[in-house]
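# Results of the structural survey
One-letter residues, chain by chain:
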Amino acid sequence: MVSKKPETTDSQGPLHVSIIMDGNGRWAQERGLPRTEGHRRGVDNLHQILRSAFSHKLRYLTVYAFSSENWLRPKAEVDMLMRLLASSLKKYTKDLVEQKIRLHTIGRVEELPASVRKELDKAKRATADFTDYHFTIALNYGSRLEIVDAVKRYTAEVQSGNEAPENLNWETLSRYLDTRNLPDPDLFIRTSGELRTSNFLLMQSAYSEMYFTPTYWPDFGPERFAEAITAYQHRERRYGMTGEQVNPHSSLVYGF
Ligand code: FPP
């Protein structure tokens, strides 16, 4: 039995939006440009979204920038993505500070090149005191890897006598995930027409509203983002209950 209803928000908007920023490569290829140009435009777009997304409702934004499987891409593209990451962090940290946005990461960041780790550390330190808005970048992240890492940390605590397996439930295990300080995403967006979750926040998205759009990430600007938020506001989130339970007025609306 589920012990408590997952944390939710009201119909005014999501508290946490997660995004798979897909389609950079195709955006570039369709224009006869190198894929790297698509990634550059993808970063520009993320910068635009960050400038407008946060509000008194939306306080968490989490993006999938590099998956634990992306190492399999051609080395030149991986190297370029790492350089782009480091240079973008360097360039935009002042904007995060100006907007009072705190930077976090999820994933095995310790396996990233030192140049990226250095810029991440600097940006995290510069934004560490902010409390209202939280921007999380998933880097060298994969849900299955995260779950395995969480189970290893949990079992180490069992062996130390700090956890009792008979008390194990989802709330306990989720305290060992990389996302332990984040609420579950309310809205999960994937651009570029792919209809998959691709190992991104699998367990955390159990009750997320999914929004798939054919638009490639470089073209998914603030207006498209606002459309996704509006679509979310028209969804009814039921968490396994009936529509009437979550919204007692729904029977009046539909006349039953
Ligand atoms: C997916 O497009 C995109 C990526 C794998 C990389 C996304 C990364 C960024 C936009 C950079 C993030 C930077 C910061 C500072 C967070 P794709 O290459 O899979 O496109 P395709 O499916 O069309 O080939």
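Rules used in this analysis
Residues numbered from 1 in each chain as written. Predicted model: local features only at pLDDT ≥ 70, side-chain atom pairs only at ≥ 80, totals over all residues. Heavy atoms only, no water. pLDDT = per-residue confidence, 0-100. Contact = heavy atoms within 4.5 Å. Axes fitted to C-alpha atoms, helices over the stretch in contact; angles between N-to-C directions. Helix = DSSP H or I, 4+ residues; strand = E, 2+ residues; numbered from the N terminus. Parallel < 35°, antiparallel > 145°, perpendicular 65-115°, else oblique. Left-handed = near helix turned anticlockwise from the far one by under 90°. Nonpolar A, V, L, I, M, F, W, Y, C, P; charged D, E, K, R; others polar. Core = buried A, V, L, I, M, F, W, Y, C linked by side-chain atoms within 4.5 Å. Buried < 20%, exposed > 50% of the residue type's maximum accessible area, 1.4 Å probe, protein only. Polar contact = N/O pair within 3.5 Å; in protein donor to acceptor, adjacent residues only side chain to side chain. Salt bridge = Lys/Arg side-chain N within 4 Å of Asp/Glu carboxyl O.

## Some thoughts on the confidence of the model for the protein
Averaged over every residue, the pLDDT of the protein is 92; residues scoring 70 or more account for 92%. Below pLDDT 50 for its whole length, residues 1-10 participates in 17 contacts with residues either more than four positions away or in separate chains. Contacts for the low-pLDDT stretch residues 250-256, under 50 throughout, to residues beyond four places or in other chains number five contacts.

## Remarks on the packing of helix α2 (residues 35-53) against helix α3 (residues 75-98)
Packing of α2 against α3 leaves a shortest axis separation of 11 Å and a crossing angle of 25 degrees. Classed by the angle they form, the pair α2 and α3 counts as roughly parallel. Like other packed secondary-structure pairs, α2 and α3 cross with a definite hand, here right-handed. Counting all contacts with α2, which are made through Arg35, Thr36, His39, Arg40, Val43, Asp44, His47, Leu50 and Arg51, the residues of α3 involved are Glu77, Met80, Leu81, Leu84, Ser88, Tyr92, Asp95 and Leu96. In the contact of α2 with α3, the residues fall into seven nonpolar, four polar and six charged.

## Comments concerning the nonpolar core
Side chains of a nonpolar character, in soluble globular proteins, are inclined to be buried together. Judged by nonpolar contacts, the single largest core of 38 residues is most densely connected at Val17, Ile19, Leu61, Phe135, Ile189 and Phe225. Residues within four places of valine 17 in sequence aside, it is in contact with Leu58, Tyr60, Leu61, Thr62, Leu187, Ile189, Phe225 and Ile229. Counting eight residues, the second-largest nonpolar core is a separate cluster that includes Ile106, Tyr141, Phe188 and Phe200.

## Looking at the side chain of histidine 16
Mapped onto the elements of the fold, histidine 16 is located in strand β1 (residues 16-20). The exposure class assigned to histidine 16 is buried, which follows from its relative accessible area of 1%. Here proline 183 takes part through its backbone oxygen, which lies 2.8 Å from a polar atom of the side chain of histidine 16. Filtering out sequence-adjacent residues up to four positions away, histidine 16 remains in contact with Tyr60, Leu61, Thr62, Leu182, Pro183, Asp184, Pro185, Asp186 and Leu187.

## Remarks on the pattern of salt bridges
Considering all chains together, one arrives at 19 salt bridges under this definition. The shortest N-O distance in the salt bridge between arginine 26 and glutamate 194 comes to 3.1 Å. Residue arginine 26 is located in helix α1 (residues 24-29), and its partner glutamate 194 is located in the loop between β5 (187-190) and β6 (209-212); the two are separated by 168 residues in the primary sequence. Here arginine 237 makes a salt bridge to glutamate 209, at a shortest N to O gap of 4.0 Å. One end of the pair, arginine 237, is in the loop between α7 (222-233) and α8 (243-246); the other, glutamate 209, is in strand β6, with 28 residues separating them in the sequence. When sorted by exposure, arginine 237 lands in the same class as glutamate 209, which is buried. Within this structure, Asp22, Arg26, Arg190, Glu194 and Arg196 form a network of salt bridges that share partners.

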